[in-house]
Amino acid sequence: MAVINILSQHVADMIAAGEVVERPGSVVKELMENAVDAGAKNITVELRGGGATFIRVQDDGCGMAPEDAGNCFLRHATSKLKDERGLEAIATMGFRGEALAAISAVSRVELLTRRGEDAEGTRVTVEGGDILEMHPAARPQGTTFTVRDLFYNTPARLKFMKSDRAEGAWCVQLALRVALGRPDISVRCLRDGKEEFFTSGDGRPDSAVYALLGRETALSMLPVDGENEGVRVTGFVSSPAMGRGNRAMQFFFVNGRSIKSPILQAAVEQAYKNTLLVGRFPACVLYIALNPGAVDVNVHPTKNEVKFSAEKRVFDAAYYAALNAVHGENRPLEMELSAGTKKKLESAPAPAQERPAQREDRPKPAGATRFAPAYTKPPRGELELHSPLPVYRRSAPAPYSAAAPTAEKSYTPALPAERRPEPVPPPKPDPAPEQATLFAPREAPGKTEKPAVRLVGEVMRTYIVAEQGDTMLLIDKHAAHERMNFDRLKAAGRQIMSQTLLAPEPWHPSQEDLEAVRENAELLAELGFELEVFGEEEMIVRSVPDALDPAQTIPALEEISEKLRRGRRDLARDEILQTISCKAAIKAGWDTDPRELQVLVDKVASGEIKYCPHGRPVAVTLTRKELDKQFRRIV
């Protein structure tokens, strides 16, 4: 009995459709690219129900003849390619001839189109890949595609769809990329009756950046213009002072096509070396123009990935163009908007006050350590060290007082006698087991006592040098403090406390980040963040976890939103705690109080801290014997 089955054409078409149409956003992208290839100057995109219920894309392009209107739904039917020689230099957005066949195979489609020279247009109705009716109809020059009930006949794909809000945001993001890549085309995007964005189509990239990415991003941009061996790079990169916590604002276009390119991404980020804070990423909108024959777009059905015949040439062109913008004499972009864009923006609500760029190396308040801020500096001899993350809180903390704390509420660590400030306060009784402080862990009964550990100093403002018996410890202070923060945040049963910001922080996330935060609002509230929507595309941050430096609020949220987009909820929680721990930890290059270093040394020497939350070791040990061998004292 035969075991190999020949699938029907209908099943084969549905399988092929899955390669091209992954989500409603794929439909928006393919239809918009068809409109671009048709020479449209105005494109309107309408969405309902996240795109799964209703998508309409209409343009004023060249339109189609009646005979082409029926043939366009056949597989491998295209007006952009005639033979194999056309694959050597593809200059159009589409060329496979699969998009319309794939879309119509998994939805209900209505096409309305007319050429300029025709007296009447053509209406075609398609369901599940089959043409149901085709007849003349009235329409101005151009084409309108209406797609309803996407994946109605493929429930396996439908059940993996995200929420309407998330799918709609992804549709808007893909439409934005097409609009950003073609500033010469006016694009209007509507979602559930509300306008998401509008571009004037005046042909100026700066107008498109302003309209699509917002005022704050646009005004932080530096113009880019360079060429290297036939590769032209234009566009904008952000000022080093305006780095972001993720790569959501990096856009690359090759001959007008939006792509994802590790080569271009690495080139831009390399240009910011030694000018951008660690963990921050530049924003950019780069247009790469080169011979179509030097780039292969026939790599993936979605056409998001490309291959360059001369990767080094492309890398160098992007790198030096971005480097010249960052280190050159170019000033931040000064916008001179067109009349159409100004008219559109005049009716929009005024943007929230911009947040000044934050620096991680800002001076500390007097009397403060980076483990805890100082409220009022106590008199000499009564200085109290506070844990950044107390083991417990019986009630809301009382205002800091200079008076000596009682033994019951003390968090004072047991410092070695030679390190105590003068005058030495009277000795305090040992804390009860349930009141053991964070900085003085108890030894387990019967455990062999380790040699005393001595802080020697710090090198390169990054590594702590300590001595314990015949062993030397080299400790990464950031990694050690990050692990300490993470362990306290993750402790079972511990409630993460919030601190209310004196001045609420405005945050203007990307569409993807905004939807990720909205979908995980409950999780973020559980972790100490209080956010609320402000306007149409902005949020206000009112509270953050008590361990987080308020100056790190926006960078932390940018990193967290990226983790939420790609991870499951249970995994995302740990990743968010890692981000909070990292942002709250002391940094390499900071001046650190010796008492803080001593706390970290004690934690590492006791064996309580071994690895940072990302798996890196926090300390390296060198024994006396190993050092003697290095200096040839022994063989």
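The structure we're discussing is the one just above.
Residues numbered from 1 in each chain as written. Predicted model: local features only at pLDDT ≥ 70, side-chain atom pairs only at ≥ 80, totals over all residues. Heavy atoms only, no water.

With respect to the side chain of H478
Okay, so step 1: Here H478 lies in helix α12 (residues 477–490).
Okay, so step 2: Polar contacts involving the side chain of H478 include one to the main-chain carbonyl oxygen of I586, which spans 2.7 Å.
Okay, so step 3: For H478, the residues in contact, after removing those within four places along its chain, are C582, A585, I586, K587, A588 and R616. (Helix = DSSP H or I, 4+ residues; strand = E, 2+ residues; numbered from the N terminus. Polar contact = N/O pair within 3.5 Å; in protein donor to acceptor, adjacent residues only side chain to side chain. Contact = heavy atoms within 4.5 Å.)

Comments concerning the nonpolar core
Okay, so step 1: Counting 58 residues, the largest nonpolar core has I43, F73, L180, F197 and V285 as the members making the most contacts within it.
Okay, so step 2: If you tally residues by element for this core, the top one is helix α6 (residues 164–181), at seven residues.
Okay, so step 3: Once you skip the residues sitting within four places of it in the chain, F197 turns out to touch V172, A175, L176, A179, V187, R188, C189 and L212.
Okay, so step 4: By size, the runner-up hydrophobic cluster in this structure holds 33 residues, among which are V224, I259, A317 and A325. (Core = buried A, V, L, I, M, F, W, Y, C linked by side-chain atoms within 4.5 Å. Buried < 20%, exposed > 50% of the residue type's maximum accessible area, 1.4 Å probe, protein only.)

Observations regarding the sheet that holds strand β13 (residues 284–289)
What links the strands of a sheet is backbone hydrogen bonding, and the strands pair in either a parallel or an antiparallel sense.
Okay, so step 1: Taken together, the five strands give an open sheet; going across it, the order is β9-β10-β13-β11-β12, and neighbouring strands pair in mixed fashion. Two strands close off the open sheet at either side, each with one partner strand: β9 (221–228) and β12 (257–259). Each strand of the sheet is rotated relative to its neighbour by a mean of 20 degrees, with strand direction disregarded.
Okay, so step 2: As paired strands, strand β11 (residues 250–254) and β13 are joined by five bridges and run parallel to one another. Bridging across to β13, F252 finds its partner in L286.
Okay, so step 3: Across the sheet, helix α9 (residues 262–271) is in contact with β11, β12 and β13; its angle to β11 comes to roughly 125 degrees.
Okay, so step 4: Packing of helix α10 (residues 311–327) onto the sheet brings it into contact with β9 and β10 (231–238), and relative to β9 it is tilted by some 140 degrees. (Pairing = 2+ DSSP bridges. Axes fitted to C-alpha atoms, helices over the stretch in contact; angles between N-to-C directions.)

Details of a nonpolar patch on the surface
Okay, so step 1: On the surface, a cluster of nonpolar side chains totalling about 310 Å² of accessible area is made up of V459, M460 and Y463.
Okay, so step 2: As for its placement among the helices and strands, M460 is situated in the loop between β16 (453–459) and β17 (463–468). (Patch = residues over 30% accessible without salt bridge, like charges linked within 9 Å, V, L, I, M, F, W, Y side chains within 5 Å. Areas by Shrake-Rupley, 256 points an atom, 1.4 Å probe, with all protein chains shown as cover. Salt bridge = Lys/Arg side-chain N within 4 Å of Asp/Glu carboxyl O.)

Description of the sheet that holds strand β22 (residues 619–623)
Okay, so step 1: Strand order in the open sheet made by the four strands is β16-β17-β18-β22, with antiparallel pairing throughout. Across the chains shown, the open sheet's two edge strands, defined by having one partner strand only, are β16 and β22. Looking at each pair of strands side by side, their axes are set apart by 20 degrees on average, direction ignored.
Okay, so step 2: With six bridges connecting them, β16 and β17 associate as antiparallel partners. By the bridge assignment for β17, L455 is matched with A466.
Okay, so step 3: Lying on the sheet, α12 is in contact with β16, β17 and β18 (471–476); it crosses β18 at an angle near 75 degrees.

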